[in-house]
Amino acid sequence: MRRRLFPEPNLFNALLRSLLLAAAFLLHTPSLHAADEIPYQQFVLANGLRLIVHEDHKAPLVAVDLWYHVGSKNEKPGQTGFAHLFEHLMFNGSQNFNDEYFRPFEKAGATDQNGTTSNDRTNYFATVPTPALDMALWMESDRMANLLPALDQAKLDEQRGVVKNEKRQGDDRPFGKVWAFIAAHTFPAGHPYAWEPIGSMADLDAATLDDVHAWFKQYYGPNNAVLVIAGDIDTAAVKKQVEHYFGSIPPGPAPQQIESWIAKRSEEKRATLQDRVPNARVYLIWNTPPARDTVSNQLDLLADLLAGDADGFLTQKLVQQKKLATNVSALNYGREIAGQFWITADAAPGVDPLLLEQQLRAALREFLQRDPHAADLARAKINYRANFLRQLEKVGGFSGKADVLASGAVFANDASYYQRALRDVETTSGTQLRDVARQWLDSGVYVLQVTPQAELKANGEVVDRSQVPAPGAAPAPNLPPVQRAQLDNGMQLILLRRPELPLVEMEWQLPIGRNVDGWQHAGLSDFALRMLLESNAELDSAAIAAKIHSLGAEIDTFTRIDSAGVRLSALKDHLDASTALFARLIRQPDFADVAIKRLQAQTLATIKREEQSGNGLAQRVLPRLLLGTTDADSGPLSSNGRRSVIAALDREQLQNFHQRWFNPQRATLIAVGDLTMEQFKILAEQYFSERHFAEQHATDAHQARGEKTTRWPTATTALPPAHSVTAVDMSAVAAKPTLYFIDLPGSSQANISAATVLPAANTIDMTALSLANNIFGGGFTSRLNLNLREDKHWSYGTYSSLLESRGTQFWIAAGNVQIDKTGAALAEMRNEWQQFAGATSSAKPVTSDEFEKVREQRIRQLPGAYETNKALLQAFSKNVQLQRPDNYLADESARLRALDLTLLQRQVAALSPSHAVWLAVGDKQKMLPQLMSSQLQQLGWGDIVELDVEGVPLKQGH
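What counts, and at which threshold
- Residues numbered from 1 in each chain as written.
- Predicted model: local features only at pLDDT ≥ 70, side-chain atom pairs only at ≥ 80, totals over all residues.
- Heavy atoms only, no water.
- Helix = DSSP H or I, 4+ residues; strand = E, 2+ residues; numbered from the N terminus.
- Buried < 20%, exposed > 50% of the residue type's maximum accessible area, 1.4 Å probe, protein only.
- Areas by Shrake-Rupley, 256 points an atom, 1.4 Å probe, with all protein chains shown as cover.
- Arc of directions from axis to C-beta.
- Contact = heavy atoms within 4.5 Å.
- Pairing = 2+ DSSP bridges.
- Axes fitted to C-alpha atoms, helices over the stretch in contact; angles between N-to-C directions.
- Core = buried A, V, L, I, M, F, W, Y, C linked by side-chain atoms within 4.5 Å.
- Phe/Tyr/Trp six-rings, centres within 6.5 Å; stacked < 30°, edge-to-face > 60°.
- Lys NZ or Arg CZ within 6 Å of the ring centre and 35° of its normal.
- Patch = residues over 30% accessible without salt bridge, like charges linked within 9 Å, V, L, I, M, F, W, Y side chains within 5 Å.
- Salt bridge = Lys/Arg side-chain N within 4 Å of Asp/Glu carboxyl O.
- Parallel < 35°, antiparallel > 145°, perpendicular 65-115°, else oblique.
- Nonpolar A, V, L, I, M, F, W, Y, C, P; charged D, E, K, R; others polar.
- Lys, Arg positive; Asp, Glu negative; His and termini not counted.

1. Concerning the overall build of the chain
Counting its secondary structure elements, the chain contains 35 helices and 26 strands. Every one of the 958 residues in the chain was classed for burial, and the buried ones make up 57%. Surface summary for the chain: the accessible area is close to 38,900 Å², and the carbon and sulfur share equals 51%.

In structure tokens:
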């Protein structure tokens, strides 16, 4: 099944996005500045592929955006929906990578990856770290050149079903049926816009394999495509790469496109539609020129003036003054061969939609009687430029720079068409705008009234609406009993049987994590775990992914402070083969040099992204600030490690790590799902003991290298010393609050953090401490978030969290705040913390209302918390990590009930700010005057210390 990285959009949003992506002419500004320009070079390959290259070295990212000049307008009646269906099929594998298209991109750290279809084009895009450009070009060129050998009937049937469900989902949404209805009734029969891109159910059912093969051959050739590469690249090098991957692909038939079919009406048409909608809605629609026409650019301004915001003329009249509508919107729906102008109004409760229509049309007539006010027109132009500049912040994704260039090239044969659109908007006068509106909105309107379906008659019973009914008693979670066993080699087995569905989740866990790395080797453990999925005997990462996928399984790795492991999600029907592969990946990693280099590049790119993020930097340096560089837990919380460590990793280090820590005596295998203990033991014995393993996995690849199959030690084999977990020495932590900052030039927000360490989980009441955290900053209605977000409006969200472990535990409060409030927000965060912990004369201890609220919330969440096998596995995994008793989850409700406010308040003392460090990450020039202010210094911070991205002090005593 094709998987999107974004949720499938509803039809309304899909068509709006189609509008925005289909033409760069929608991106406007009142004046053309250097900052608005997108420098590029264009090349045309011998096969007709147009290549556009834009260099942007702001970040080590590159956007790959491929547009095919084919959309639903290229379909014909009886074959609607083909363009969109084919967009789905393009993600289902090609001849040389017959697998899910997203897999290599996921491994590469891709962002903004997807495909979309409009009336006029289909595009495919992804933003990847610069070193992954070859991979992206290989993948994109392979499906252009070699899709058909992999496109069989099974894939067609699969994606046909996916698209039909997408259509049902869209039709079921409020007003979801309107788009198809309007398309069919506002354009004449046979017009290419008379159907929506998703097509009809009947046409989707009728599509044959020959039909879709013919569609590909007709429209998916290089001579019908524009490829934009934008980002941290060298133009000359990119040209060679593109010629290498795409140059040998033969062109398709000469593309034929419809120039224009406006279909302006002179007569008024009306219709009504009943649907499952929450309110009545009125649509007024006129057919207008296509998007590349100057008129369309001017109509964009008109839409903004009418209903662009609360100051829009129609919004003021109908929503604010007459209160006939709850919302009014205006949209210039510009497309390649024709446009439409839509005005939509939602009726207020009790308002007759006919009255709303009459008042809406009267207000429009009033607007058209005069020129727009100069101030209003200037505001609309400024708003367009602001929106345009925001789009230019991104090289790819929806409406980024790559899309701007591609849309101009496809629809106007000019990648810089946006400049003409910008000038159109700049030079439009109020009189011109009035004349355009009178010409196109004076006659030929299509009026649609959508009303709710008739409601059910009342049954005569009176409902008490005076108060919300009580939720009733909290049900206890239904947890299976915990079953245990042990293999002869010492590996522990834990089973929680749930036979309801034929699914099994497994986790192979080790009692080590980032704590075996320390600062000197930060990142080694997580890298070693991730390498398990990168190379194994003769399998590379692509082959591993293909095998996992072929079994319907999922396998991933994780690394915590003091535990790490591998997880398997499997179908019961394929459990034996899935477990065999799972064990093989754990026991026989190859650590091939080429795979190490590939993962190093990905990880280093991730680290660089973290270093450009306020939150990412905080996560990287807070442990070091609290513990120094000699403590085992001082490495970055993100697990990605330090740049120098990752860059220096080699095969020998990884093999030594695997040999030391990966063994059955240290491991626990947990299973949740449709499995008996007898079945579990047989599987574990077969694939995790020595009885059959050596013979099964003595592969030719190992023998060719002169290697022996790895044999695990038995229960009597001496092992290297286990990692000793010790609680943090609180005396070694900062004796007084220290304020640090890191410069992140150009940032418009600051990330502020406060962190401290806590005693080990087995030495304090973690149930009480967890509730205390919820009260302080662990939820939306916590003290900290209500202060900085709801009360002060300085932050979108500021929260706190506990990072539990058997040794050092971290407690961190953090959030992004507007940068001019950095100092004030730090003061508020510290004040809230001191009051909460009773460390000030104005203490505000936890109240009984707060306590009861979070306790009841937690109790009531328990049944849902373990609803899925995966959720239960993760919860019990934490039990194993923290060495808790088997009945810990089952007794959680009783522990919460036994907890009282006095006990909780005693545990709050562990959250004292006396050993905290404070960190601000943002633009130094904007932050430093605030940090140096006398008001902030009166709070008792010591020296203000500037740090580099690794937490090393640059200068003391600001």
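2. Observations regarding helix H23 (residues 651–661)
Three or more residues of H23 are buried, namely Leu-654, Phe-657, His-658 and Trp-661. For H23, the angular spread of buried residues about the axis comes to 95°, placing them on one side. Turned more than 90 degrees away from the buried face of H23 sit Glu-652 and Gln-659, all of them exposed. Of the surrounding elements, those touching the buried residues of H23 are strand E14 (503–510), helix H17 (524–531), helix H19 (575–587) and helix H20 (593–611).

3. Let's talk about the sheet that holds strand E4 (residues 111–117)
Spatially, six strands are ordered E1-E2-E6-E3-E5-E4 in an open sheet, and the strand pairing comes out mixed. If you trace the sheet from one side to the other, it starts and ends with strand E1 (41–44) and E4, each paired once. Across the sheet, the mean angle separating the axes of adjacent strands is 15° when strand polarity is ignored. Both E4 and strand E5 (residues 122–129) contribute to a ladder of five bridges, which runs antiparallel. Residue pairing in the sheet places Thr-117 in a bridge with Thr-122 of E5. The strands touched by helix H9 (residues 235–246) within the sheet are E1, strand E2 (50–55) and strand E6 (225–231), with E2 carrying the most contacts at an inclination of about 150°. Strands E2, strand E3 (61–68), E5 and E6 of the sheet are contacted by helix H14 (residues 401–412), whose axis makes an angle of about 25° with E3.

4. Some thoughts on the nonpolar core
Counting 59 residues, the largest nonpolar core has Leu-739, Leu-826, Trp-833, Phe-836, Leu-911 and Trp-918 as the members making the most contacts within it. When residues in this core are grouped by element, the largest group, seven residues, is from helix H27 (residues 766–776). Contacts of Leu-826, omitting those with residues within four sequence positions, involve Leu-739, Ile-752, Trp-918, Ala-920, Leu-931 and Trp-941. Residues Leu-495, Leu-533, Leu-581 and Ala-595 belong to the second largest nonpolar core, which totals 56 residues.

5. Brief notes about unusual backbone geometry
Positive phi values are uncommon outside glycine, yet Phe-591 reaches one of about 50°. With respect to the element layout, Phe-591 can be found in the loop between H19 and H20. Of note, Ser-639 is a non-glycine position whose phi angle comes to about 75°, a positive value. Tracing the chain through its elements places Ser-639 in the loop between helix H21 (614–627) and helix H22 (643–648).

6. Here we look at the packing of aromatic side chains
All told, the structure shown has 26 aromatic pairs when counted by the stated rule. Taken together, a centroid distance of 5.3 Å and an interplanar angle of 50° make the contact between Phe-776 and Trp-811 tilted. Linking Phe-776 in helix H27 with Trp-811 in strand E23 (residues 809–818), this pair joins segments that are 35 residues apart in sequence. Here Phe-776 falls in the buried class, since its relative accessible area comes to 0%. Since its relative accessible area comes to 0%, Trp-811 is described here as buried. Cluster of aromatic residues (ring-pair linked, three or more members): Tyr-68, Phe-86, Phe-91, Tyr-101, Tyr-124, Phe-216 and Tyr-220. One cation-aromatic arrangement involves Arg-143 over Phe-91; the distance from NZ or CZ to the ring centre is 4.8 Å. Between the NZ or CZ atom of Arg-335 and the centre of the ring of Tyr-193, over which it lies, the distance is 4.6 Å.

7. Concerning a nonpolar patch on the surface
A surface patch of nonpolar side chains, about 240 Å² in accessible area, is lined by Leu-501, Leu-503 and Leu-571. Inspection of the secondary structure assignment puts Leu-503 in strand E14. With relative accessibility at 33%, the residue Leu-503 sits in the partly exposed group.

8. A word on the packing of H20 against H21
When two helices pack together, their arrangement is given by the angle between their axes and by how far apart the axes lie. As a packed pair, H20 and H21 sit with axes 6 Å apart at the nearest point and diverge in direction by 105°. Between H20 and H21, the angle is such that the two are roughly perpendicular. Facing H20, whose interface residues are Ile-607, Glu-610 and Glu-611, H21 presents Gly-616, Leu-617 and Arg-620. Counted by class, the contact of H20 with H21 contains two nonpolar, one polar and three charged residues.

9. Brief notes about the side chain of Glu-892
Here Glu-892 shows up in helix H32 (residues 892–898). As a buried residue without a salt bridge, Glu-892 has its nearest oppositely charged side chain in Arg-858, at a separation of 4.5 Å. Apart from residues lying up to four places away in sequence, Glu-892 is in contact with Arg-858, Leu-862 and Tyr-866.

Structural measurements only, silent on function.
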